[in-house]
Amino acid sequence: MTQPKPKRRLAVITGASSGIGEAFAHAYAKRGIDLCLVARRLDRLEALAKILVDAHGIQAFAVQADLSKPEATEVVVQALAKHGRSCDILVNNAGYSLPQTFLGTRAQQQTDFVAVLVTSVVSLTHAVLPGMVQRGFGRIINVASMVAFSSGAAGHTLYPAAKSFIVKMTQSLSAEVADKGVLLTAICPGQTESDFAKANGTDQLVAKSGLYKQTAEEVVRIAIAANEAGKEVVVPGWPNKLAVAFMKILPDSLTAALIRPQAKKFALPDTKA
Ligand SMILES: NC(=O)c1ccc[n+]([C@@H]2O[C@H](COP(=O)([O-])OP(=O)(O)OC[C@H]3O[C@@H](n4cnc5c(N)ncnc54)[C@H](OP(=O)(O)O)[C@@H]3O)[C@@H](O)[C@H]2O)c1
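Each chain has its residues counted from 1, running along the sequence as written. With pLDDT at 70 or above as the cut-off, local features in this predicted model cover only qualifying residues; side-chain atom pairs require 80 or more to be listed or tallied, and sums for whole chains, interfaces and linings still use all residues. As a convention, hydrogens and water are excluded, and side-chain values are obtained from all of the structure's heavy atoms.

### Let's talk about the overall build of the chain
Alright, step 1. On a plain count of helices and strands, the chain comes out with ten helices and seven strands.
Alright, step 2. Atoms counted for the radius of gyration: C-alpha only. Globule rule: 2.2 Å times residue count to the power 0.38. The globule rule puts the C-alpha radius of gyration for 273 residues at 19 Å, and the 19 Å found for the chain is close to it.
Alright, step 3. Exposure is judged per residue with a 1.4 Å probe applied to protein chains only, and the accessible area is read against the type maximum: over 50% gives exposed, under 20% gives buried, and values in between give partly exposed. Taking all 273 residues of the chain together, 48% fall into the buried category.
Alright, step 4. Residue contacts are defined here by distance: any two heavy atoms, one from each residue, within 4.5 Å place the two residues in contact. A separation threshold of at least 6 residues defines the contact pool for the chain, and within that pool the share at least 24 residues apart is 72%.
Alright, step 5. Put simply, the chain shows about 13600 Å² of open surface, and 59% of that area lies on carbon and sulfur atoms.
Alright, step 6. Side chains of the chain give 30 positive and 21 negative charges; the mean places of these two sets differ by 3 Å. Numbering goes from the N terminus for both helices and strands, where a helix is a DSSP run of H or I of at least four residues and a strand is a run of E of at least two. Shrake-Rupley sampling with a 1.4 Å probe provides the accessible areas, and residues are treated as covered by the protein chains on show and by no other component. Asp and Glu are treated as the negative residues and Lys and Arg as the positive ones, with His and the ends of the chain left uncounted. Working definition for charges: the position is that of NZ of Lys, CZ of Arg, CG of Asp or CD of Glu.

Dropping the structure here:
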């Protein structure tokens, strides 16, 4: 009697319509993993799904969801159920930043930001984790940032706070479920080639900065390898590792004195859009 083919594993990737999320989609598809691609721009997700299905013979489907909305997690959960699939790998990647000051933005912009970068990560993780624990297998990669370790600066106000949350959440959850077959990793990139700066209008400023930059593919390669090795927090690239080591060793007052003048170069004037 022929055995039924085992189902391939499936990765849910948020923010898969560009940059680091798109690179995660390519990397997992190459490994023969099916994909559930989540973002707002459905046309881009569908085009990517088609490319990856054709190239790697996997299954992939796109889910249009605005992660700032409370119903977004349910939209993803329903889409998985409709396709009869469960989530084996979750990449909480979607994100952006608000380059103005806190008071230079509307409250709604800041609460939407927290909803996308923090609340939706909590909610999606809570939705898929029980299944991972039950099956004794799960992989969760949370895309944080090296600024999780910074002292904060004017502009991009809540970004370091949101990314610190992601790092701490990853560590605590790992302590709860690593022995149940679920491996969690917070990847903390520095400047990475993507649409991030274009999306927040700082692309000209970033282009001029001459800062060390990695490709999204490099960041993703390091993230997946670290996750498979069970590493909880990873900073990709030696220049970034060094900068984070300094941020951890130096007193906050000194880090602030060093970082804040530099950070000004990446902030935008206040406009309540
Ligand atoms: N690039 C860097 O230098 C850098 C450094 C450190 C950390 N990161 C982190 O890396 C992650 C990915 O960013 P990226 O650099 O790849 O930037 P990106 O190219 O601009 O990609 C951002 C992704 O997030 C999605 N997204 C934004 N708002 C969303 C919303 N409300 N609902 C659903 N999806 C949303 C976007 O899709 P739609 O617009 O189609 O919704 C897009 O797919 C972010 O968490 C970012 O904070 C980036």
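### Quick notes on the packing of aromatic side chains
Alright, step 1. For this analysis, a ring pair means two rings from Phe, Tyr or Trp (six-membered ring only for Trp) whose centres lie within 6.5 Å, classed as stacked if their planes differ by under 30 degrees, edge-to-face if by over 60, and tilted for the remaining angles. In total, this model carries four aromatic pairs according to the counting rule given.
Alright, step 2. Consider the rings of Y96 and F113, whose centres lie 5.7 Å apart with planes at 90°: the pair is edge-to-face. Here Y96 is found in the loop between β4 (89-92) and α4 (107-135), whereas its partner F113 is found in helix α4, with 17 residues between them in sequence.
Alright, step 3. Judged by centre distance (6.4 Å) and plane angle (45°), the rings of F113 and Y159 are tilted. In this pair, F113 sits in helix α4 while Y159 sits in helix α5 (residues 159-177), placing the two residues 46 residues apart along the sequence. Exposure class is identical for F113 and Y159. Each is buried.
Alright, step 4. An aromatic cluster of three or more residues is present, and its members are Y96, F113, Y159 and F196.

### Some remarks on the site of the ligand
Alright, step 1. One heavy atom suffices: a residue is near a molecule or strand as soon as one of its heavy atoms comes within 4 Å of it. Around the ligand, the surrounding shell holds 30 residues, and the nearest of these are S18, R40, N93, Y159 and S194.
Alright, step 2. Throughout this description, a polar contact denotes any pair of N or O atoms lying within 3.5 Å of each other; where both atoms belong to protein, one of them has to be capable of donating a hydrogen while the other can accept it, and for residues adjacent in sequence the pair is counted only when both atoms sit in side chains. Backbone polar atom of G15 to an oxygen atom of the ligand: 3.0 Å apart, as the coordinates give it.
Alright, step 3. Across the complex, the protein chains shield 95% of the 870 Å² of accessible surface that the ligand would expose by itself.
Alright, step 4. Counting only elements with at least two residues in the shell around the ligand, the list comes to α1 (19-30) and α5.
Alright, step 5. Each residue receives one of three labels: charged for Asp, Glu, Lys and Arg, nonpolar for Ala, Val, Leu, Ile, Met, Phe, Trp, Tyr, Cys and Pro, and polar for the others, Gly being one of them. Split into classes, the residues belonging to the shell around the ligand amount to 13 nonpolar, twelve polar and five charged.

### Focus on the environment of S68
Alright, step 1. Residue placement: S68 occurs in the loop between β3 (60-64) and α3 (72-82).
Alright, step 2. Aside from chain neighbours lying at most four places away, what touches S68 is D112, A115 and V116.
Alright, step 3. Looking at S68, its side chain comes within polar contact range of the side chain of D66, at 2.8 Å.

### Let's talk about helix α8 (residues 216-228)
Alright, step 1. A rise of 1.5 Å per residue sets the reference length of α8, with its 13 residues, at 18 Å; its end C-alpha atoms lie 18 Å apart and thus fit the reference within 8%.
Alright, step 2. Of the positions making up α8, those classed as buried are A216, V219, V220, I222, A223, I224, A226 and N227.
Alright, step 3. Two residues or fewer after α8 comes G230, characterised by a positive phi angle close to 75°. Expected helix span is taken as 1.5 Å per residue step, with the number of steps being one fewer than the number of residues.

### Description of α5
Alright, step 1. Look at α5: 27 Å from first C-alpha to last across 19 residues, which is about the 27 Å you get at 1.5 Å a residue.
Alright, step 2. Of all the positions in α5, only Y159, P160, A162, K163, I166, V167, M169, T170, L173, S174 and V177 are classed as buried.

### Regarding unusual backbone geometry
Alright, step 1. You will see that H156, though not glycine, has its phi angle at about 50°, which is positive.
Alright, step 2. Tracing the chain through its elements places H156 in the loop between β5 (138-143) and α5.
Alright, step 3. In this structure H156 comes out as buried when scored by relative accessible area, which is 18%.

### Focus: the state of the cysteines
Alright, step 1. By definition, disulfides here are pairs of cysteine sulfur atoms that lie within 2.5 Å. Taken as a whole and judged by the stated rule, the model has zero disulfides.
Alright, step 2. Free cysteine: C87, not disulfide-bonded; nearest cysteine sulfur from C36 at 7.7 Å.

### Description of the pairing of β5
Alright, step 1. The buried count for β5 comes to six of six residues, which makes it a mostly enclosed element.
Alright, step 2. Of the two faces of β5, the one carrying G138, I140 and N142 and the one carrying R139, I141 and V143 are both buried.
Alright, step 3. Strand pairing is defined by DSSP finding a minimum of two bridges between the two strands. One ladder, built from four bridges, connects β4 with β5; its direction is parallel. Pairing of L90 across the sheet is with I140, part of β5.

### Structural notes on empty space enclosed by the protein
Alright, step 1. Two kinds of site are reported from a 1 Å grid over the protein atoms alone, namely cavities, where a 1.4 Å probe fits but cannot get out, and pockets, open sets with protein on both sides within 12 Å along at least five of seven lines, and residues are called lining when an atom falls within 4 Å of a point. Grid points are joined across faces, edges and corners, and a volume is the space filled by probe spheres set on the points. Scanning all chains against the criterion turns up two cavities of 30 Å³ or more.
Alright, step 2. When its volume is computed, the largest cavity comes out at roughly 40 Å³.
Alright, step 3. Considering the residues around the largest cavity, the lining is formed by N92, N93, A94, L117, V121, N142, V143, K163 and I166.
Alright, step 4. Listed by contribution, the elements that provide at least two residues to the lining of the largest cavity are α4, β5 and α5.

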